[in-house]
Amino acid sequence: MGTIFVDNLEPQSGTSLTLGASGDSIKASTGAVWTGTVAESSSSSIVENGSNSNGKFTKFADGTMICLMDETLTTPAVTTDIGNGGQVRSNNYTQSLPANFTDTSYQVSFSVGRLFMAGLSSNSEPSSVSQIGWHLRAWSSATGDENVKVSIMAIGRWY
Amino acid sequence: MKIKLNPMVVSNSKQAPVISLSGLILTIDGQKIDLSTIPVGGQAESDTDLLQGIVTRDEVTVNYLYSTDIYESNQSTKQQDYEFDITEGTIACPLKRRSA
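These numbers come from a predicted model, not from an experiment.

Caption draft 1: Structural view of the overall build of chain B. Counting its regular elements, chain B contains 0 helices and 9 strands. For chain B, the α and β elements follow one another from N to C terminus as β-β-β-β-β-β-β-β-β. In terms of overall dimensions, chain B is globule-like: its C-alpha atoms have a radius of gyration of 14 Å, near the 13 Å expected for 100 residues. A principal-axis box enclosing the C-alpha atoms of chain B has dimensions of 45 × 25 × 20 Å. By residue count, 40% of the 100 residues in chain B fall in the buried class. Accessible area of chain B: about 5400 Å², with a carbon and sulfur share of 47%. Across chain B, the 9 positively charged side chains and the 13 negatively charged ones have centroids separated by 6 Å.

Caption draft 2: Inspection of the sheet that holds strand β4 (residues 31-34) of chain B at higher detail. Residue and element names in this part refer to chain B. The strand order across the open sheet built from 4 strands is β4-β3-β2-β9, with neighbouring strands paired in antiparallel fashion. Of all strands in the sheet, those bounded by a partner on one side alone are β4 and β9 (88-90). Each neighbouring strand pair of the sheet contributes to a mean axis angle of 20 degrees, computed without reference to strand direction. One ladder, built from 3 bridges, connects strand β2 (residues 19-22) with β9; its direction is antiparallel. From the neighbouring strand, Ser 22 faces β9, where its bridge partner is Glu 88.

Procedures and definitions
- Residues numbered from 1 in each chain as written.
- Chains lettered and ligands numbered in written order.
- Predicted model: local features only at pLDDT ≥ 70, side-chain atom pairs only at ≥ 80, totals over all residues.
- Heavy atoms only, no water.
- Helix = DSSP H or I, 4+ residues; strand = E, 2+ residues; numbered from the N terminus.
- Rg over C-alpha atoms; globule rule 2.2 N^0.38 Å.
- Buried < 20%, exposed > 50% of the residue type's maximum accessible area, 1.4 Å probe, protein only.
- Areas by Shrake-Rupley, 256 points an atom, 1.4 Å probe, with all protein chains shown as cover.
- Lys, Arg positive; Asp, Glu negative; His and termini not counted.
- Charge placed at Lys NZ, Arg CZ, Asp CG, Glu CD.
- Pairing = 2+ DSSP bridges.
- Axes fitted to C-alpha atoms, helices over the stretch in contact; angles between N-to-C directions.

Right, dumping it as structure tokens:
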């Protein structure tokens, strides 16, 4: 089958568009399958999903990469005064990335369970291309009475 | 000695490191690291990109860089699959290679 170009497609309610016969893969213009190994080459796929013990990553052919990581802290103490109107922090933690960014201009966001906040630790800003330094923060001294789960998302570039 | 691997994907094509231990000499891709310089019961901060964090005579964490053109994108997510307790010899690579 040759290449089909579709312009100004306006699906009707209750209809769907299927590309390729059953068992076929939609392929990128490079000829590679849509989801596979992403590389700086003419044979690259569009999206690559991967994982290891440090977390999950999604690389896109345009150079964007998203890393997702989880950490569970056991009854963390958040008691070190850092000023700023009485804010306190925990010990500093280090989270290795599942895949390296090309530079330290990537953005990081945290989602923390229970009453805590999390942020980059001042002694590791900017984070390196391979790891993030961070700690828990709170407005007054506290010790978690249960495990605290922290989810970290980093978005940047892999090339 | 407990050797922990810290797996990280890099963009450039790269084979996973070859790691071996002989006594207190740790060898990573041919580079020797003499852990006997660390006092018994003491610890040191890693001063090489090969290792991460605190190093003792009993435990090290090795940065385990690899690329997904050689190894599969999805590897084990279990920490225990990247931990080895050995006294001598070479560590078996825990990564799944892509089929040829």
